[in-house]
Structure formats: structure tokens, C-alpha cells
Amino acid sequence: MDKTEIELFEKWYADFDGSADCQENLAKDSNGHYLLTETSLLYAGWTASRKCNRWNSIDRSIPNIGETVIVHTENGNIFSDIYVEGYDGDYFETAEDFNEQVTHWLPLPQPPKEE
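All figures in this text were calculated on a predicted structure; none of them were measured in a lab.

J.: Quick rundown of the pairing of strand E2 (residues 68-73)? Include the residues and the values.
T.: Pairing between E2 and strand E3 (residues 78-84): five bridges, direction antiparallel. By the bridge assignment for E3, threonine 68 is matched with isoleucine 82. Counted along the chain from E2 to the antiparallel partner E3, the turn is four residues long, and its residue glycine 76 has a positive phi close to 85°.

As C-alpha cells, then:
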């Protein structure tokens, strides 16, 4: 992990989180990796969004049913989510669980190639 990117991410996280357990959520192991899987995923989504910045507005397009993408919510949260078909309409599964309104989405990058 790039030190400058980590510092920017942690500042962003502290600004949007603001809770008493914010620093606990940012705790790392001796190798510098986040202890919480949720924080690692959030960091991955945050860095991916900064690198490619090709966000799709929900007003203009939606992912395919079953597609996992990176989402940005009206509260400024960024995380991976899956677009699913529902009885009352299609929705983003994790965002729905946390009552978040998705405003933009980004395709996942291609996985690394074996060399």
C-alpha cells in the first residue's frame, strides 16, 4: 500500500466517519494491512475510484443483474456491491441493507494476469 494514498484515505475516512471507533476501524497489523475486512474493501474501492474515475450515474445507466461493481452513495460512502433482481424492482444488495442510496457505480477492474 502506498503511504501517501493511505494517509489520504484515512483522512477521508475520518472526515466521513467521525465516530468514536473510527481509529479502531483503521487499525493495521504488523505488515500495514487493515485488520477489518470492511476497511480493506473500502480502501480498495476508494483507491480504484481515484485511479479510473469513470463513474456511471444511476440516472444514465445501471449494471447488469448479478454484476459486482463499486458504488458511491449519497452519503459519500464507497464500497463494492452486487446489483440484484428484486420482487419490487432491482437494487444494490449491500446499499439496501444499510439504507444507502447509490448515486454512481464503477465496473470492477480486471483481475491481475498471471505472468
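J.: Could you give an account of unusual backbone geometry, with specific residues and numbers?
T.: For asparagine 99, which is not glycine, the phi dihedral falls at a positive 55°. In this structure, asparagine 99 sits in the loop between helix H4 (93-97) and strand E5 (102-107).

J.: Outline the side chain of threonine 73, supporting the account with residue identities and numerical values.
T.: Structurally, the position occupied by threonine 73 is in strand E2. In this structure the side chain of threonine 73 is engaged in a polar contact, spanning 2.8 Å, whose partner is the side chain of glutamate 100. Other than its neighbours up to four places away in sequence, threonine 73 contacts Phe79, Glu100, Gln101, Val102 and Thr103.

About the thresholds
Residues numbered from 1 in each chain as written. Predicted model: local features only at pLDDT ≥ 70, side-chain atom pairs only at ≥ 80, totals over all residues. Heavy atoms only, no water. Pairing = 2+ DSSP bridges. Helix = DSSP H or I, 4+ residues; strand = E, 2+ residues; numbered from the N terminus. Polar contact = N/O pair within 3.5 Å; in protein donor to acceptor, adjacent residues only side chain to side chain. Contact = heavy atoms within 4.5 Å.

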